[in-house]
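The residues making up each chain are set out below.
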Amino acid sequence: MEMKGEQRIAASRTRVWEALNDPEVLRQCIPGCQSLEKEGDDRLKAVVEIKIGPIGARFNGAVAISDAHPPESYTISGEGQGGTVGNAKGGARVRLAEVDGGATLLSYEVEAQVGGRLAQLGGPIIDATAKQLAGRFFTKFGEVVETPAVAKAGAPAPEAVSAGAEAAAPSPAVAAPVAAPQYVVAPPGPVAPAGGSAWDWFLEMVLA
């Protein structure tokens, strides 16, 4: 099986590269991912449950990275074992390119082989499943990566803090009345608070 594709992501190339190498981000995005553990700087393992046609299975996979050129490209190779349903192995080249508007274009080329009962399903079913899984991964990946990393739960928005400070501050009419021939010292207002790694998507497609 051979497959090519690309995805435009509204985030910097550095941010996309970091996300493609972040096990927690990948775990959220890989369909059917049960666990994802990093075994080293260039290796990780995953347990994924997926259904291909009439066959559903639990796969144990390992992926290795090589020829890395951060944050531009790398080559990945992997193998997944699904017990009696079969196995899959292959490799891919992933590239990241900066595009207009500060976005990133992620492109990939995948080559994979399947064996066992999976091979008996036929090319059309395997190809259709791989494309579906890739689509689901990239949709979720884009949502996660494009979310501002600085957003924190419970933190007030800058606009809200500014509005609150303005509401608490005394109005000019109170601070300096025009009619009274005397100085009025307004009490000080409250002080405003100070402002405050694409390994397993490939494994998912290979397993498909």
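The structure presented is a predicted model; accordingly, all values stated were derived computationally and were not measured.

Participant: What's the story with the overall build of the protein in this structure? I'm lost.
Facilitator: Assigned secondary structure in the protein consists of 6 helices and 7 strands. N-terminal to C-terminal, the α/β element order of the protein is β-α-α-β-β-β-β-β-β-α-α-α-α. The proportion of buried residues among the 208 residues of the protein is 35%. In the form shown here, the protein has an accessible surface area of approximately 11,700 Å², with 53% of it arising from carbon and sulfur atoms.

Participant: Which parts of the structure should I look at to understand helix α1 (residues 13-20)?
Facilitator: At 3.6 residues per turn, the α-helix brings residues three or four places apart onto the same side. Listing the buried residues of α1 in full gives Arg13, Val16, Trp17, Ala19 and Leu20. Mapping the buried residues of α1 onto a view down its axis gives an arc of 165 degrees, with all of them on the same face.

Participant: I keep staring at the confidence of the model for the protein and nothing clicks. Help me out?
Facilitator: Interpretation of this model should avoid reading the predicted coordinates in detail wherever pLDDT is low. Across the protein, the average pLDDT comes to 75, with 71% of residues at 70 or higher. pLDDT under 50 marks residues 150-200. Its contacts with residues more than four places away, or in other chains, come to 42 contacts.

Participant: How should I be thinking about the pairing of strand β2 (residues 33-40) in this particular structure?
Facilitator: Regular strands show a simple pattern: their side chains alternate between the two faces of the sheet. Of the strand pairs in this sheet, β2 and strand β3 (residues 43-52) are connected by 6 bridges, and their pairing is antiparallel. What sits directly across from cysteine 33, in β3, is valine 48. Joining the antiparallel neighbours β2 and β3 is a turn of 2 residues.

Participant: In this structure, what is going on with the packing of aromatic side chains? I would like to understand it.
Facilitator: For any pair of aromatic rings, the description rests on two quantities: the centre-to-centre distance and the angle between the ring planes. Scanning all chains against the criterion turns up 4 aromatic pairs. An angle of 80 degrees between the planes, with centres 5.3 Å apart, marks the rings of phenylalanine 137 and phenylalanine 138 as edge-to-face. On the accessibility criterion, phenylalanine 137 (2% relative accessible area) is buried. Using a relative accessible area of 5% as the deciding quantity, one classes phenylalanine 138 as buried. Aromatic side chains phenylalanine 137 and phenylalanine 141 sit 5.5 Å apart centroid to centroid with 15 degrees between the ring planes, which places their arrangement in the stacked category. Within this pair, phenylalanine 137 and its partner phenylalanine 141 are both found in helix α3 (residues 123-146), separated by 4 residues, close to a single helical turn.

Participant: Just checking my understanding: could you explain the pattern of salt bridges for this structure?
Facilitator: Oppositely charged side chains may form a pair once their charged atoms are brought near each other. Throughout the structure, instances matching the rule amount to 6 salt bridges. The closest approach of N and O atoms between arginine 27 and glutamate 24, which form a salt bridge, is 2.8 Å. On the criterion of helical spacing, the pair formed by arginine 27 and glutamate 24 is a turn pair, its members being 3 residues apart in helix α2 (residues 23-29). Under the relative-accessibility criterion, glutamate 24 is labelled partly exposed at 40%.

Participant: Looking at this structure, how should I read unusual backbone geometry?
Facilitator: Here the residue pair proline 70 and proline 71 is connected by a cis peptide bond, since its omega of -10 degrees sits within 30 degrees of zero. Mapping proline 71 onto the fold places it in the loop between β4 (55-69) and β5 (73-81). In the Ramachandran plot, aspartate 67 falls in the positive-phi region, its phi being about 50 degrees despite a non-glycine side chain. Within the secondary structure, aspartate 67 sits in strand β4.

Participant: So what exactly am I meant to see when it comes to the environment of phenylalanine 59 here?
Facilitator: Of note, phenylalanine 59 is situated in strand β4. Among the residues examined, phenylalanine 59 registers a relative accessible area of 1% and is labelled buried. Residues phenylalanine 59 and glutamate 79, spaced 20 residues apart in sequence, show a C-alpha to C-alpha distance of 9.8 Å.

Participant: Before we go on, may I ask you to explain the environment of glycine 32 in this structure?
Facilitator: With respect to the secondary-structure elements, glycine 32 resides in the loop between α2 and β2. Setting aside residues no more than four positions away along its own chain, glycine 32 makes contact with Val47, Val48 and Glu49.

Participant: Explain the nonpolar core here, please?
Facilitator: Nonpolar side chains in soluble globular proteins generally cluster together in the buried interior. Counting 43 residues, the largest nonpolar core has Val16, Leu106 and Phe141 as its most contacted members. Top element by residues in this core is α3. It accounts for 9 residues. Among residues more than four places away in sequence, those in contact with valine 16 are Ile9, Ala11, Leu96, Thr104, Leu106, Phe141 and Val145.

Reading the values: rules and limits
- Residues numbered from 1 in each chain as written.
- Predicted model: local features only at pLDDT ≥ 70, side-chain atom pairs only at ≥ 80, totals over all residues.
- Heavy atoms only, no water.
- Helix = DSSP H or I, 4+ residues; strand = E, 2+ residues; numbered from the N terminus.
- Buried < 20%, exposed > 50% of the residue type's maximum accessible area, 1.4 Å probe, protein only.
- Areas by Shrake-Rupley, 256 points an atom, 1.4 Å probe, with all protein chains shown as cover.
- Arc of directions from axis to C-beta.
- pLDDT = per-residue confidence, 0-100.
- Contact = heavy atoms within 4.5 Å.
- Pairing = 2+ DSSP bridges.
- Phe/Tyr/Trp six-rings, centres within 6.5 Å; stacked < 30°, edge-to-face > 60°.
- Salt bridge = Lys/Arg side-chain N within 4 Å of Asp/Glu carboxyl O.
- Core = buried A, V, L, I, M, F, W, Y, C linked by side-chain atoms within 4.5 Å.

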